[in-house]
Amino acid sequence: MIKFIKIGILLCFTITLFANEIKLGNPVTIDFLNKYYGEEVTATQEGDYSNIYANYEERYILYDLNLYRLAPQILKNEDVNTAPDVKKCIDWGYCFQPVKPLYWNIDLSRAARFHDDDMIKNNCFAHNDCDGGDIWARIQRYYTSSAMGENIAAGSKYDEVTKNFVNEKSAPLGTTGHRESVFSASFNEVGLGYLLGGSYRMYTTQDFGASATPTFIPAGIHSPKSPNKGSNVKFMAIYHDKNQNPDENPKFYLVLNGKKIEMQKKHSSLDWNSDNYVGAGSVVTKNWYSAAYEINADIEKGCNNYNFLAVTNGEEHYYPDEGSLLVGSACNNKIYDKNRIVINNTGSTGGGNGAPSEEGCSFSNTNNNQWLFIFMIFIIIYQKERYRKKIK
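Rules used in this analysis
Residues numbered from 1 in each chain as written. Predicted model: local features only at pLDDT ≥ 70, side-chain atom pairs only at ≥ 80, totals over all residues. Heavy atoms only, no water. Helix = DSSP H or I, 4+ residues; strand = E, 2+ residues; numbered from the N terminus. Areas by Shrake-Rupley, 256 points an atom, 1.4 Å probe, with all protein chains shown as cover. Pairing = 2+ DSSP bridges. Axes fitted to C-alpha atoms, helices over the stretch in contact; angles between N-to-C directions. Phe/Tyr/Trp six-rings, centres within 6.5 Å; stacked < 30°, edge-to-face > 60°. Buried < 20%, exposed > 50% of the residue type's maximum accessible area, 1.4 Å probe, protein only. Disulfide = S-S within 2.5 Å. Contact = heavy atoms within 4.5 Å. Salt bridge = Lys/Arg side-chain N within 4 Å of Asp/Glu carboxyl O.

Asks: Where do I start with the overall build of the chain in this structure?
Replies: Helix and strand counts for the chain come out as 10 helices and 14 strands. With an accessible surface of roughly 19,500 Å², the chain has 50% of that area assigned to carbon and sulfur atoms.

Right, dumping it as structure tokens:
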């Protein structure tokens, strides 16, 4: 047994010396509560939340925002908890029509996270800072745009908060400002903060802006957040094309552990039949198209690596733009892998190789791998022969 262990160590060392590209899974650790919100700062000080990827809850909220924006009819057709006045808005057509998607913005997210942090630490609930600082001064420390807005919530779970904004839950009677922000065509990007703590346990800030550069996939997520080993998981993503003829639907895929799985279209902006509503003949979706795609897939035991791929007009578009997302019981709360996985049923798309490895030796799918494999076989045979001669 000791001999085989030595052989394994030698192989790892040998590959490290001779492979020109070593890929070790190294997902970015996201721990907002303990790491990024640990400083004792006040609302008037500059918070350092730079270079932070969106956490799971923020990405889920982003998906919900875009799902309702492209298909507001689902609030009436599929959600039994939708408020009666919201259903009436949809029936009469004076509140909601499909709107182009919102894109995640890191600078707006800094402002949103900072505000959650301030409300928790200083026990207040308001758009202005807890020490009286102006909301717009706070946002503009991080971000400036021609149009800005904000929704805040306390006590709402991440998978319910956007629906609560649309329903104006717990807001004063007659309030419509939250849903107007959610469905405003003036906004095309959003910063999200979702933080646990404080007297209400959960705080959410949505900061809206209008300076985004559109891409083909604005949002993607899996559910549930922490599935059991080898369980079935729902993967969901939003597609958007500002120019595409909707008759030329794209191919949309989940890439799970290097395997490409075609996803099904669940909703689209074309499902909105404006002839049935006030303002018949609406052209709100003219020259653009959005759709929500879903697929249920079994994940492997361990930590699974995934991203989304849209293929349209012969071009490939990914979410996230770089790296891959993670799902599984063994991901240790990590949500992002900096390496792009290899698609093993259509060819290589970049670095990485399947599910991320936490330790040990692994190598990428390079042209030198065949020589490495031959070298490994040679070492094994050599060591086996030495061991055989020794025991004689």
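Asks: Hey, could you run me through the sheet that holds strand β9 (residues 264-268) in this one?
Replies: To summarise the sheet geometry, strands pair through backbone hydrogen bonds and adopt either a parallel or an antiparallel arrangement. The strand order β5-β6-β10-β9 describes an open sheet built from four strands, whose pairing is antiparallel. The two strands at the open ends of the sheet, each matched to only one other strand, are β5 (219-223) and β9. Direction aside, the axes of adjacent strands within the sheet are offset by 20° on average. In terms of strand pairing, strand β6 (residues 232-241) meets strand β10 (residues 289-298) through 10 bridges, oriented antiparallel.

Asks: It is not clear to me how the packing of aromatic side chains should be interpreted in this structure. Could you clarify?
Replies: Two measures describe an aromatic ring pair: the distance that separates the ring centres and the angle between the ring planes. One pass over the structure, following the stated rule, counts 15 aromatic pairs. Look at Tyr56 and Tyr60: their rings are 6.2 Å apart centre to centre, the planes differ by 45°, and that puts the pair in the tilted class. Of the two residues, Tyr56 and Tyr60 both sit in helix α3 (residues 56-70), four residues apart, roughly one turn of that helix. For the ring pair Phe216 and Tyr239, a centre distance of 6.1 Å and an interplane angle of 35° mean the geometry is tilted. Remark: Tyr239 occurs in strand β6 and Phe216 occurs in the loop between β4 (202-209) and β5; sequence separation between them is 23 residues. Judged by its relative accessible area of 23%, Phe216 falls in the partly exposed class. Since its relative accessible area comes to 0%, Tyr239 is described here as buried.

Asks: When you look at unusual backbone geometry in this model, what are you seeing that I'm missing?
Replies: Residues other than glycine predominantly adopt negative phi, and peptide bonds predominantly adopt the trans conformation. A cis amide bond links Ser223 to the next residue, Pro224, at an omega of 5°. Tracing the sequence through the fold places Pro224 in the loop between β5 and β6. The amide bond that connects Tyr319 to the next residue, Pro320, takes the cis arrangement and shows omega of 0°. Note that Pro320 resides in the loop between β12 (315-319) and β13 (324-327). Phi at Arg201 takes a positive value of approximately 75°, unusual for a residue other than glycine.

Asks: In this structure, what is going on with the state of the cysteines? I would like to understand it.
Replies: Linking two cysteines covalently via their sulfur atoms produces the bond known as a disulfide. The tally for this structure, following the rule as stated, stands at two disulfides. Residue Cys124 pairs covalently with Cys130 via a disulfide, S to S 1.8 Å. Taking the sign of the torsion about the S-S bond as the criterion, the disulfide between Cys124 and Cys130, at about -70°, is left-handed. According to the relative accessible area criterion, Cys124 is buried, its value standing at 19%. The disulfide partner of Cys303 is Cys331, and the gap between their sulfur atoms is 2.1 Å. Its torsion about the S-S bond being 105°, the disulfide of Cys303 and Cys331 is classed as right-handed. Here the residue Cys303 occupies a position in the loop between β10 and β11 (304-312), and Cys331 occupies one in the loop between β13 and β14 (336-337), the gap between them amounting to 28 residues. Neither residue differs from the other here; Cys303 and Cys331 are each classed as buried.

Asks: I tried to follow the sheet that holds strand β1 (residues 103-104) on my own but got confused; where do I start?
Replies: Reading across the sheet, the four strands line up as β1-β3-β4-β2 and stay open at both edges, with mixed pairing between neighbours. Strands with a single pairing partner mark the edges of an open sheet, and in this sheet they are β1 and β2 (149-154). Bridge analysis of β1 against strand β3 (residues 189-196) gives two bridges, and the strand direction is parallel. Within β3, the position partnered with Tyr103 by the bridge is Glu189. Strand contacts of α3: β1, β3 and β4, with the helix running at about 135° to β3, the strand carrying the most contacts. Most of the contacts of helix α6 (residues 106-122) go to β3, to which it runs at about 30°, and overall it touches β1, β2, β3 and β4.

Asks: Explain the pairing of β2 to me, please; I cannot follow it from the model alone.
Replies: The side chains of a regular strand alternate between both faces of the sheet. Where burial is concerned, most of β2 is hidden: five out of the six residues are buried. Direction of pairing for β2 relative to β4: antiparallel, over a ladder of six bridges. From the neighbouring strand, Glu150 faces β4, where its bridge partner is Asp207.

Asks: Which parts of the structure should I look at to understand the pattern of salt bridges?
Replies: Opposite charge on two side chains permits them to pair, given that their charged atoms come into close proximity. This structure, assessed with the given rule, holds nine salt bridges. Across the pair Lys234 and Glu294 runs a salt bridge, and its minimum N-O distance is 3.8 Å. Separated by 60 residues along the polypeptide, Lys234 in strand β6 and Glu294 in strand β10 bring together distant segments of the chain. Since its relative accessible area comes to 31%, Lys234 is described here as partly exposed. A relative accessible area of 18% means that Glu294 is categorised as buried. Residues joined by salt bridges that share partners form a network here, namely Asp129, Arg138, Glu150 and Asp207.

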